[in-house]
Structures are given as C-alpha cells and as structure tokens.
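Observations on the model geometry
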Amino acid sequence: MISINPKENSERDNYKLLIGSIIPRPIAFITTQSESGVVNGAPFSYFNIVSSNPPMVSVAIQRPAGKLKDTARNIYDSGEFVVHIVDGENVAKINETAASLPPSESEVEKADLTLVSSTEISVPGVKEAKVRMECRLVQAIPLGGEGPGSDLFIGEVIQFHIDEKIYESGRIDPRGLGAVSRLAGTNYAHIGEIFSIDRPK
C-alpha cells in the first residue's frame, strides 16, 4: 500500500488521485443565464444529492487560476440554475459544451442543443435531457486559497421535469435513463450490470 500526504503533492497530483479513485461520478449538465441574457451550459462531475427534505443537490465548480467560470459567476449573480442528467443519448453534444468560450457566446447554441423554458425560474433548460431539475441557490461556499480553488453550490430543486417514458409509479427506470458517469481523463462509463443486496435489519 502506498501512503501519500496530499500536502506534499501538487494540486494536479491530488486532482488525479481524486478523479481516479472516486468513480463513477454522476454528471450534471448545468445551464445558467448571464445578466446580459446569454445562456451558458457546461458539464460538472463534482455533483451529488444533499437532501430529500427539501430536495437539494450540490455541485462544486473548479476555479482555475483563481478565476470564476461562467457557470459559477452566473449562479452567484442570479441564484438560479438548471441541472440535467447526462445520458448515453446526449453525452456527445454535452461534451461539446466543455469548450472554453467567452462569456458572450453560448455553449448551448454551439452544441446545437434545444432550449426549453423553465416553469419556476428564468433560466431555461435543454430538451435533450430525460431529467432536468430547476434549482434555486441555497448556499454558496468558496473553497481554497490563492490559485486553483472551487465554489461549492447547494441548490434546492423546486421543479422536476422527467421524461414520461422512464417514469412509473414515482420511480425512474435506470436502464431507460441510461445515465453515463465520469471516470478520469477522457473516459466515461455506462451503468453496466445492476445487482441487488438486501440491507441488514
């Protein structure tokens, strides 16, 4: 067993250990809107559930060279965002939105994704996702010092939108959803084999 002190590592070395170990990671495709009305879209894999009462999700957005990404800036400014689940049918288009564009250009437009209006917030979502969640910011926590850091956002889900083909009796069919997960580097994974283990009483 190799033992590594993260304080003796570079930020990149710690990054590689984290993204190589904590797998698979769900991917949130997040749309936000700038003050000038540009709809930004980008995928993030530092993403998970926080609470079901009320329903809340979290996403951490990296701050390379200490500068906010468009998504983070827009969430701070508006307090609204839409989380979409990335699946096998939309992952190629969503991967295109990871390109670094200036704030005045829309990644959603570049990737030829279809905007759809939200019902409770002003930020639109995209039609190509089977699950999308309209969120309002609950808390934002800046993390890290000088240089690379991140901003952790916790949002309350105020409206779910779910494709009726994958929804039955309050549950989502995992095979129908076909969510993909992030590994390290350029690698992704499908759900693969599904198995059950009973929890102890």
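One structure accompanies this document, and this report is about it. (Residues numbered from 1 in each chain as written. Predicted model: local features only at pLDDT ≥ 70, side-chain atom pairs only at ≥ 80, totals over all residues. Heavy atoms only, no water.)

1. Thoughts on the pattern of salt bridges
Applying the stated criterion to the full structure yields four salt bridges. Salt-bridge contacts for Arg12 lead to Glu11; the nearest nitrogen and oxygen are separated by 3.0 Å. Note that Asp70 is salt-bridged to Arg73, the shortest N-O span being 3.0 Å. Here Asp70 pairs with Arg73, and both are found in helix H2 (residues 70–78), just three residues apart, close to one helical turn. Assessed through its relative accessible area of 31%, Arg73 is described here as partly exposed. (Salt bridge = Lys/Arg side-chain N within 4 Å of Asp/Glu carboxyl O. Helix = DSSP H or I, 4+ residues; strand = E, 2+ residues; numbered from the N terminus. Buried < 20%, exposed > 50% of the residue type's maximum accessible area, 1.4 Å probe, protein only.)

2. What about the environment of Pro55?
One can find Pro55 in strand E5 (residues 55–63). Sequence spacing of Pro55 and Met133 is 78 residues, and the spatial spacing of their C-alpha atoms is 10 Å. Sequence-distant contacts of Pro55, that is, excluding residues within four places in its chain, are made with Gly155, Glu156, Val157 and Phe160. (Contact = heavy atoms within 4.5 Å.)

3. Considerations on the sheet that holds strand E6 (residues 80–85)
Taken together, seven strands build an open sheet; the order of strands is E3-E2-E6-E9-E10-E5-E4 and the sheet is antiparallel. With partners counted over all chains shown, the strands left at the sheet margins are strand E3 (39–44) and strand E4 (47–52), one partner each. Taken over all neighbouring pairs, the strand axes of this sheet differ in orientation by 35 degrees on average, direction set aside. Pairing analysis gives six bridges linking strand E2 (residues 28–33) to E3, with the strands arranged antiparallel. Bridging across to E3, Gln33 finds its partner in Val39. (Pairing = 2+ DSSP bridges. Axes fitted to C-alpha atoms, helices over the stretch in contact; angles between N-to-C directions.)

4. Some words on the nonpolar core
Formed by 21 residues in total, the largest nonpolar core has its most connected members in Ile30, Val57, Ile61, Val83, Ile85, Met133 and Cys135. Elements that contribute at least two residues to this core include exactly E2, E3, E5, H2, E6, strand E9 (131–143) and strand E10 (149–162). Excluding anything up to four places from it in sequence, Val83 contacts Ala28, Phe29, Ile30, Phe47, Val57, Val131, Arg132, Met133 and Cys135. (Core = buried A, V, L, I, M, F, W, Y, C linked by side-chain atoms within 4.5 Å.)

5. So, the packing of aromatic side chains
How two aromatic rings sit relative to each other is given by the distance of their centres and the angle of their planes. If you walk through the whole model with that rule in mind, you get one aromatic pair. Considering the side-chain rings of Tyr76 and Phe153, the 5.1 Å spacing of their centres and the 70 degrees angle between planes classify their relative orientation as edge-to-face. Here the residue Tyr76 occupies a position in helix H2, and Phe153 occupies one in strand E10, the gap between them amounting to 77 residues. One Lys or Arg, Arg182, reaches over the ring of Tyr188 and ends 4.8 Å from the middle of that ring. (Phe/Tyr/Trp six-rings, centres within 6.5 Å; stacked < 30°, edge-to-face > 60°. Lys NZ or Arg CZ within 6 Å of the ring centre and 35° of its normal.)

6. Examining unusual backbone geometry
The amide bond that connects Ile23 to the next residue, Pro24, takes the cis arrangement and shows omega of -10 degrees. Within the secondary structure, Pro24 is located in the loop between helix H1 (11–21) and strand E1 (25–26). Although it is not a glycine, Asp112 sits at a positive phi angle of roughly 60 degrees. Assignment of secondary structure puts Asp112 in the loop between helix H4 (107–110) and strand E7 (115–116). Judged by its relative accessible area of 55%, Asp112 is exposed.

7. Remarks on the sheet that holds strand E14 (residues 188–189)
The strand order across the open sheet formed by three strands is E1-E13-E14, and the pairing between neighbours is antiparallel. Each edge of the open sheet is held by one strand with a lone partner, namely E1 and E14. Strand direction decides the pairing type here: strand E13 (residues 181–182) and E14, joined by two bridges, are antiparallel. Counted as the bridge partner of Arg182 is Tyr188 from E14.

8. Quick word on the pairing of E6
With six of six residues buried, E6 is to be regarded as a mostly interior element. Here E6 shows a buried face lined by Glu80, Val82 and His84 and a second buried face lined by Phe81, Val83 and Ile85. Where E2 lies against E6, four bridges are found, and the strand directions are antiparallel. Bridging from a neighbouring strand, Ala28 pairs with Ile85 of E6. As paired strands, E6 and E9 are joined by five bridges and run antiparallel to one another. Along E9, the bridge assignment pairs His84 with Arg132.

Purely geometric stuff here, so don't read any function into it on its own.
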